[in-house]
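Listed below, chain by chain, are the residues.
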Amino acid sequence: MRLWGYVWRQRKSLSLVVVLIAISTGLGVLGPWLQGLAIDTYMANKDIPGLGRLALAMIGVSLLAASTAWFEQYVMAAAAQAAVRDLRKDLFAKLQTLSLRFFDRYTHGELMSRLTNDVDNVSRILGETVVQLTNSLLSVLLISVMMFNINWRLALVTMIIIPMMAVITHWLGKRTRAGFKERQVHLGELNGVIEETVTGAKVVKAYVREEAVIAEFGVTNDLVKKSSIKAQIWGGFMGPLMNLIHNSGFAAVAGAGGYLAVRGLASVGTIASFVAYARRFSRPLNQVAMLYNQVQSALAGAERVFETLDEVPEVQNAPDAVSLTEVQGDVRFENVDFSYDEGVPVLKDVSMWAKRGQMVALVGPTGAGKTTIVNLLTRFYDIDGGAITVDGTDIRKLKLDDLRRQLGIVLQDTFLFGTTVMENIRYGRLDATDDEVIAAATMANADLFIRHLPEGYQTVLSENGSNLSQGQRQLLAIARAILADPGILILDEATSSVDTRTERHIQEGLLRLMEGRTNFVIAHRLSTIRNADAILVINHGEIIERGTHEALLAQRGFYHHLYVSQFKGQLSAEVAAVAGD
């Protein structure tokens with residue numbers, strides 16, 4: 001019914017299709033009646049001219065029926081594709097609203113499978129099935145009327161096959177649908193394997209794991225094969241069983257018709273017309289049964305699509321959410337607790353604060369919870385306890401779009417789109433002019449290398465900017481953030497993967513970007529945060545130390561250990577002077 005709701009949006013086209021189907025079906029039903037008329041009226045009276053005129057009329061009826069059938073298919077195809085377009089658009093839009101926790105549950109390949117394979121199944125069936133199903137049902141109705149009009153006794157004999165077909169169709173349909181749903185699930189898993197292998201092609205080749213990934217693909221591919229066979233075996237029973245019922249019913253009609261003809265209760269023309277109708281009566285019933293079987297494949301895909309559409313975003317605007325137009329930059333974490341999985345805390349009682357113009361650095365070992373703090377500030381996830389406020393307002397009471405527009409993020413692994421350099425930077429603010437984009441690139445120290453690219457700012461980047469160096473990609477990310485002009489800036493290890501010389505260029509761009517903003521910096525290179533207003537040392541989800549660079553070194557605690565370990569005994573004069581070593 002939900003799928004029908006998308007089709008019903010094209011009701012004008014559907015109305016035209018129904019009219020065309022009624023015309024083509026009505027013309028098709030005329031054939032046997034004209035056949036009986038030819039036998040009883042013209043052939044019995046040896047009226048050759050009349051028989052010729054009737055033959056021409058039958059040819060005309062067939063041509064008109066064929067033309068109408070073609071036009072109805074054309075109109076229905078357009079309506080079906082419009083319905084599928086709306087379904088695909090709604091699914092894609094829904095994915096944009098879902099929280100990151102949803103994407104944590106599924107592989108990219110699985111989600112791609114829902115957007116492509118599942119929707120394509122629906123598309124293929126809608127375009128073909130609606131017309132055929134309507135045509136078949138209307139044919140059954142009109143043929144039934146004609147048969148009862150010709151001979152009600154034979155019509156009742158013919159109707160015996162309907163309940164038999166209905167029971168078998170329903171029984172097989174449930175099993176076929178379960179099989180197709182299982183196939184779609186395994187197909188999604190197969191897409192996940194393909195997506196991961198293609199994305200990680202360098203790693204696969206570097207570790208010589210081609211045979212391993214081929215074996216993994218083979219296992220999943222085999223599951224797809226087995227589930228497909230299972231679905232098609234159940235579906236394969238439909239045709240033979242329908243033919244058995246059809247032939248049995250036809251034999252009953254032929255026998256009853258012969259009996260009536262011998263008793264003089266029906267003419268030869270009447271029996272000929274009725275036998276033709278009986279044959280046609282079973283054909284649309286067979287089509288309905290087979291279409292029902294095919295529809296199970298579409299519904300299996302539609303179930304997965306609607307399962308996604310029914311997902312409730314974990315993070316969404318509160319009913320009384322307020323706007324955030326300007327940011328003063330006062331950010332506070334107050335006794336924040338958080339866990340990705342229930343019972344496994346990641347952050348415990350975290351409290352921190354920062355104001356405009358300040359730089360707060362977050363340091364600690366891998367897995368300590370530094371990036372999680374970023375995920376919570378951006379509301380990619382919601383906290384379990386405590387509060388995060390911006391300018392005194394809990395971020396859960398702010399409109400999500402307004403909050404995120406005030407946040408600029410520069411990550412270690414920069415994501416770039418497969419479009420021009422100009423458009424990648426403009427992603428920070430879509431209404432920016434070309435001059436504003438170039439000005440942002442200049443501030444980020446990116447203008448010079450961009451102008452040396454083959455097409456300058458119009459150079460099209462390959463997937464994720466793989467035709468640029470890591471440092472160049474990060475400079476573009478900084479330019480994008482400068483263009484967005486956020487009030488709060490988050491730098492997540494933005495220089496950890498580049499050499500010292502490139503780092504200096506990036507640092508210059510970052511310093512321009514950080515001016516007048518509230519800045520949070522996650523850093524592994526502790527030398528880059530020596531001038532931070534506050535350094536927070538995080539370990540096992542807790543802030544264990546806080547202070548300036550000099551103060552933390554003087555404490556000779558965890559931070560001192562981290563700093564010293566990076567130099568491996570080559571202590572700087574500052575460390576020796578401050579720490580007394």
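Keep in mind that this is a model prediction, so the values were computed, not measured.

(A) Looking closely at the pattern of salt bridges. Applying the stated criterion to the full structure yields 20 salt bridges. Across the pair R105 and E311 runs a salt bridge whose closest N-O atoms are separated by 2.8 Å. You can see R105 sitting in helix 4 (residues 100-105) and its partner E311 sitting in the loop between helix 11 (268-309) and strand 1 (331-338), a full 206 residues away along the chain. Salt-bridge contacts for D485 lead to R517; the nearest nitrogen and oxygen are separated by 2.9 Å. Of this pair, D485 sits in the loop between helix 17 (470-484) and strand 7 (488-492) while R517 sits in the loop between helix 18 (500-514) and strand 8 (518-522), placing them 32 residues apart in sequence. Overall, the relative accessible area of 10% leaves R517 in the buried class. Here the residues in one salt-bridge network are R9, R85, D86 and D90, joined through shared partners.

(B) Region of the structure containing the pairing of strand 8. Most of strand 8 is tucked away, with five of its five residues classed as buried. Where burial is concerned, the two faces of strand 8 agree: the one with T518, F520 and I522 and the one with N519 and V521 are both buried. Sheet topology places strand 3 (residues 359-363) next to strand 8; four bridges connect them, and they run parallel. Bridged to A361 within strand 8 is V521. Strand direction decides the pairing type here: strand 7 and strand 8, joined by five bridges, are parallel. Residue L489 lies in a different strand from strand 8, and its bridge partner there is N519.

(C) Spotlight on the sheet that holds strand 1. The four strands lie next to each other as 2-1-4-5, forming an open sheet whose pairing is antiparallel. Of all strands in the sheet, those with a lone pairing partner are strand 2 (347-354) and strand 5 (393-394), marking the two edges. As paired elements, strand 1 and strand 4 (residues 385-390) share five bridges and run antiparallel to each other. Looking at the pairing, R332 lines up with T389 of strand 4. Running over the sheet, helix 12 (residues 370-377) touches strand 1, strand 2 and strand 4 and is turned about 110° from strand 1.

Each value, and the rule that gives it
Residues numbered from 1 in each chain as written. Predicted model: local features only at pLDDT ≥ 70, side-chain atom pairs only at ≥ 80, totals over all residues. Heavy atoms only, no water. Salt bridge = Lys/Arg side-chain N within 4 Å of Asp/Glu carboxyl O. Helix = DSSP H or I, 4+ residues; strand = E, 2+ residues; numbered from the N terminus. Buried < 20%, exposed > 50% of the residue type's maximum accessible area, 1.4 Å probe, protein only. Pairing = 2+ DSSP bridges. Contact = heavy atoms within 4.5 Å. Axes fitted to C-alpha atoms, helices over the stretch in contact; angles between N-to-C directions.

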